[in-house]
Amino acid sequence: MGSVVGGRTEAFDDGWGGEQALIRLDGTRFEPDALVGLDAFSHLEVVFHFHLAHPSSVVTSARRPRDNPDWPEVGIFAQRGKNRPNLLGVSRCRLVRVDGLDVHVRGLDAVAGSPVIDIKPYMTEYGPQGPAVQPPWATELMSAYY
C-alpha cells in the first residue's frame, strides 16, 4: 500500500510525539483521490509491518515489558512490543497534511521504510466505550513515549 518516509531510522522506546514523517502511497496502485477527505480528520490509525524485527526475535510467551525487573511478567498479547508473533504495529498519530500521495504525520511510532498496510481516519466513536483501565506499569511505561 505504501511506506514510511523520513522520521526515525531505528526503533527506540520513547519520545515519539515530536517525530515527523510521511506515509507515501504506492503510485502504481493509488491515485491522489484515494486520500480525498482524509484531511478533514485530525488523527489517523496506521497499521504497519515491523520490518526491522527479525523473526528469531519474536516472543510468544510472557516477559517483562522492556525487560524492566520492576514490572510484572505479562503475555505478549498484554503488551505492545515490536517482537510480536505477527510483526504488525498499530499507531495513532496526528495528521499534519495531505499532499498528493504523501500523508504527513506527527507521532507515528514506525521507522523509515516500514511498510504501511492500512491507513484509517481516527473517529472518536471507535475509541473506548466507557472508562479505559490499565495497570500502573503500563502508565509508567508510556509516560515518556509521546
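**A look at the overall build of the protein**
So, point 1. Within the protein, the regular secondary structure consists of one helix and six strands.
So, point 2. Mapped in sequence order, the helices and strands of the protein form the string β-β-β-β-β-β-α.
So, point 3. Each principal axis of the C-alpha atoms in the protein carries an extent, and together these give about 50 × 40 × 25 Å.
So, point 4. Here the contacts in the protein between residues at least 6 apart in sequence split such that 73% fall between residues at least 24 apart.
So, point 5. Of the roughly 8,700 Å² of accessible surface on the protein, 53% is carried by carbon and sulfur atoms.
So, point 6. Computing the positive centroid from 14 side-chain charges and the negative centroid from 18, the protein places the two 2 Å apart.

**Regarding unusual backbone geometry**
So, point 1. In this structure, Asp67 is a non-glycine residue whose phi angle is positive, near 55°.
So, point 2. Structurally, Asp67 is set in the loop between strand E3 (43–49) and strand E4 (88–99).

**With respect to the packing of aromatic side chains**
So, point 1. Inspection of every chain in the model, using the stated rule, returns three aromatic pairs.
So, point 2. When the centroid spacing of 5.2 Å and the interplanar angle of 80° are considered together, the rings of Phe48 and Phe50 count as edge-to-face. For the pair Phe48 and Phe50, one class covers both residues: buried.
So, point 3. When the ring of Tyr145 is compared with that of Tyr146, the centres are 5.0 Å apart and the planes differ by 80°; the resulting orientation is edge-to-face.
So, point 4. Residue classification places Tyr146 among the partly exposed residues on the basis of a relative accessible area of 48%.

**Focus on the pairing of strand E5 (residues 102–106)**
So, point 1. Counting buried residues in E5 gives four out of five residues, a clear majority hidden from the surface.
So, point 2. Here strand E2 (residues 20–25) pairs with E5 via five bridges, running antiparallel. In the sheet register, Gln20 faces E5, and the bridge partner there is Arg106.
So, point 3. Pairing geometry for E4 and E5, over five bridges, is antiparallel. Along E5, the bridge assignment pairs Leu95 with Val105.

**Thoughts on the side chain of Asp102**
So, point 1. Summarising the element assignment, Asp102 is placed in strand E5.
So, point 2. Reaching out from Asp102, the side chain makes a polar contact with the side chain of Arg24 at a distance of 2.7 Å.
So, point 3. Those residues in contact with Asp102 that lie beyond four places of it in its chain are Leu22, Ile23, Arg24 and Arg97.

How each quantity is defined
Residues numbered from 1 in each chain as written. Predicted model: local features only at pLDDT ≥ 70, side-chain atom pairs only at ≥ 80, totals over all residues. Heavy atoms only, no water. Helix = DSSP H or I, 4+ residues; strand = E, 2+ residues; numbered from the N terminus. Contact = heavy atoms within 4.5 Å. Areas by Shrake-Rupley, 256 points an atom, 1.4 Å probe, with all protein chains shown as cover. Lys, Arg positive; Asp, Glu negative; His and termini not counted. Charge placed at Lys NZ, Arg CZ, Asp CG, Glu CD. Phe/Tyr/Trp six-rings, centres within 6.5 Å; stacked < 30°, edge-to-face > 60°. Buried < 20%, exposed > 50% of the residue type's maximum accessible area, 1.4 Å probe, protein only. Pairing = 2+ DSSP bridges. Polar contact = N/O pair within 3.5 Å; in protein donor to acceptor, adjacent residues only side chain to side chain.

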